[in-house]
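Spelled out from the first residue to the last, the chains are:
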Amino acid sequence: MRISASLLFVVIAAALVLTVQPSRAQDVALTPPMGWNSWNYFADKVNDQAVRTAADAMVASGMKDAGYVYVNIDDTWEGQRDAGGLLHSNSKFPDMKALADYVHSKGLKIGIYSSPGPKTCAGYEGSLGHEEQDAQLYASWGIDYLKYDLCSFIPEVMEKQAPNDKAVQMRLMHAAYAKMAKALKSTGRPIVYSLCQYGWDAVWEWAPSVGGNLWRTTDDIGPNVQSIYTNMSMQAGLAAYAGPGHWNDPDMLEVGNGKLTLAENRSHFSMWAMLAAPLLAGNDLPHMTPEIRDILINRDVIAIDQDTLGKQGSRAYVEGEVEVWTRPLAGGALAVAVLNTGDNRYSTHPFHLLLSRMGLHGPLKAKDLWGGKEMELSESMPLELPVHDVLLVRIAAPK
Ligand code: GLA
């Protein structure tokens, strides 16, 4: 009798553990997602071949070894729904399952894109009314990541269903994101869930509760410093909302795009690492220069981004056009970034780094993560940074 009672107890306990155990989907994005996304370079020109060559280049360039994982197809892959509502990819993507298999065969993961509205931002088929069907479709293809972009949900649902009632509109938006999260979860496949609604309604406050692993906090980035600085500045004050499994997303990288100088590419990458931002390269990987590749695979900088403590950096102080940001790291270490946003080397000359304004006392041993050398930081140390360049250091034992 006693044996069967304890057996019963064990069975019930095991059943309980199995039912309440979080699905694996909740364990994704424990550090900010790293990978590539098609939009910033290819926009609507993306096709199957471009995605395959991006995956090949991610391996050949050393990016995969440096931690990049996701190969993400953005907008314009969608075709039409058939009579049963099943969505098909368009002629640029003849066989999505075969493409996913190819990306997986490289040891990488694959992402896709949709909208809670009837149409995507580029006017392709969205998921409205087909959320579960689409989530199942993604899972059947082997998709590992979904970017879900608000777009036509604004005019077609929010504004139509609740004209002039912002509060109801926001509730509709929350519900739409929660609905897809549920649909993704019910597939049983771990799928990173990326919210893209440009930061509306302080998304950082509610995105984790609707299952978001990351959420855009800004409008679209462009390959110029004004856009990069704007998106960066908008992260100030948001550090408390980021952590393992849930990240602020100041948008994808423009490293290697447009006419950004090497200093600008370096500082963009550095600041995204300080912000614990997703590192989704957005350039033409097979044709990038060695200098751009070296920026993207700088392991010391990637280690800042991927630090296991998962604490986003904050702006410590600004003096003239120089910004100083700090980021606490695992094991009590600290990253410090000093960024010259000025257009003139001498615009704030002479700039002195004030350790006391970061609560630190010099002298401090630090590693310069772009120079690769050890250096010493002293109180009120003069620094001359070239236009739009950055000093990024790691202090192992700050005091
Ligand atoms: C929006 C998003 C971009 C991109 C495009 C695609 O603008 O913010 O990141 O996905 O849509 O149409």
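Scroll up to find the structure.
Residues numbered from 1 in each chain as written. Predicted model: local features only at pLDDT ≥ 70, side-chain atom pairs only at ≥ 80, totals over all residues. Heavy atoms only, no water.

A. Up close: the sheet that holds strand β11 (residues 314-319). Spatial strand order, β11-β12-β13-β18-β15-β16: six strands in an open sheet with antiparallel pairing. With one partner strand each, in any of the chains shown, β11 and β16 (374-377) form the two edges of the open sheet. Across the sheet, the mean angle from the axis of one strand to that of its neighbour is 30°, orientation sign disregarded. (Pairing = 2+ DSSP bridges. Helix = DSSP H or I, 4+ residues; strand = E, 2+ residues; numbered from the N terminus. Axes fitted to C-alpha atoms, helices over the stretch in contact; angles between N-to-C directions.)

B. Region of the structure containing the layout of surface pockets. The computed volume of the largest pocket comes to approximately 320 Å³. In terms of lining residues, the largest pocket is bounded by 17 residues, among which Asp27, Val28, Ala29, Tyr70 and Lys109 are the most central. Looking at the lining of the largest pocket, its residues break down into nine nonpolar, three polar and five charged. (1 Å grid on protein atoms, 1.4 Å probe; cavity = no way out; pocket = protein on both sides within 12 Å on 5 of 7 lines; lining within 4 Å. Points joined across faces, edges and corners; volume = space filled by probe spheres on them. Nonpolar A, V, L, I, M, F, W, Y, C, P; charged D, E, K, R; others polar.)

C. Highlighting the state of the cysteines. Within this structure, the stated rule accounts for one disulfide. The residue that forms a disulfide with Cys121 is Cys151, at a sulfur-sulfur distance of 1.4 Å. The sign of the S-S torsion, about -55°, decides the handedness of the disulfide formed by Cys121 and Cys151: left-handed. On the criterion of sequence distance, the pair formed by Cys121 in the loop between β5 (109-114) and α6 (131-141) and Cys151 in the loop between β6 (145-149) and α7 (153-161) is long-range, its members being 30 residues apart. Since its relative accessible area comes to 10%, Cys151 is described here as buried. Among the cysteines around Cys196, which has no disulfide bond, Cys121 carries the closest sulfur, lying 6.5 Å off. (Disulfide = S-S within 2.5 Å. Buried < 20%, exposed > 50% of the residue type's maximum accessible area, 1.4 Å probe, protein only.)

D. Quick look at the pairing of β6. Within β6, five of the five residues are buried, which leaves the element mostly enclosed by the surrounding structure. Sheet topology places β5 next to β6; four bridges connect them, and they run parallel. Following the sheet pairing, Ile112 is matched in β6 by Leu146. Following the chain from β5 across α6 to the adjacent parallel β6, one finds a crossover that is right-handed. Two elements, β6 and strand β7 (residues 192-196), share five bridges in a ladder whose sense is parallel. For Lys147, the partnering residue across the bridge sits in β7 and is Ser194. (Right-handed = clockwise from strand over helix to strand, strands pointing away.)

E. View of the packing of aromatic side chains. Counted under the stated rule, the structure contains seven aromatic pairs. Each ring, one from Trp36 and one from Phe42, has its centre 6.1 Å from the other, and the planes form 75°; the classification is edge-to-face. Note on accessibility: Trp36 and Phe42 belong to one class, buried. Relative to Tyr177, the ring of Tyr148 lies with its centre 5.7 Å away and its plane at 90°, an arrangement referred to as edge-to-face. Pair noted here: Tyr148 is in strand β6 and Tyr177 is in helix α8 (residues 166-186), with a separation of 29 residues, a long-range link. Taking the relative accessible area as the measure of exposure, Tyr177 reaches 0% and is therefore buried. A cation sits over an aromatic face here: Arg52 above Tyr102, 4.8 Å from the ring centre. (Phe/Tyr/Trp six-rings, centres within 6.5 Å; stacked < 30°, edge-to-face > 60°. Lys NZ or Arg CZ within 6 Å of the ring centre and 35° of its normal.)

F. Focus on the pairing of β11. With five bridges joining them, β11 and strand β12 (residues 322-328) adopt antiparallel strand pairing. Looking at the pairing, Arg315 lines up with Trp325 of β12.

G. View of the site of the ligand. Asp74, Asp75, Lys147, Asp149 and Asp220 are the nearest of the 13 residues found near the ligand. Note that an oxygen atom of the ligand is positioned 3.2 Å from one of the side-chain N or O atoms of Arg216. For the ligand, the accessible surface in isolation is 310 Å², of which the surrounding protein chains cover 92%. Its residues assigned to classes, the shell around the ligand shows seven nonpolar, no polar and six charged. (Near = heavy atom within 4 Å. Polar contact = N/O pair within 3.5 Å; in protein donor to acceptor, adjacent residues only side chain to side chain. Areas by Shrake-Rupley, 256 points an atom, 1.4 Å probe, with all protein chains shown as cover.)

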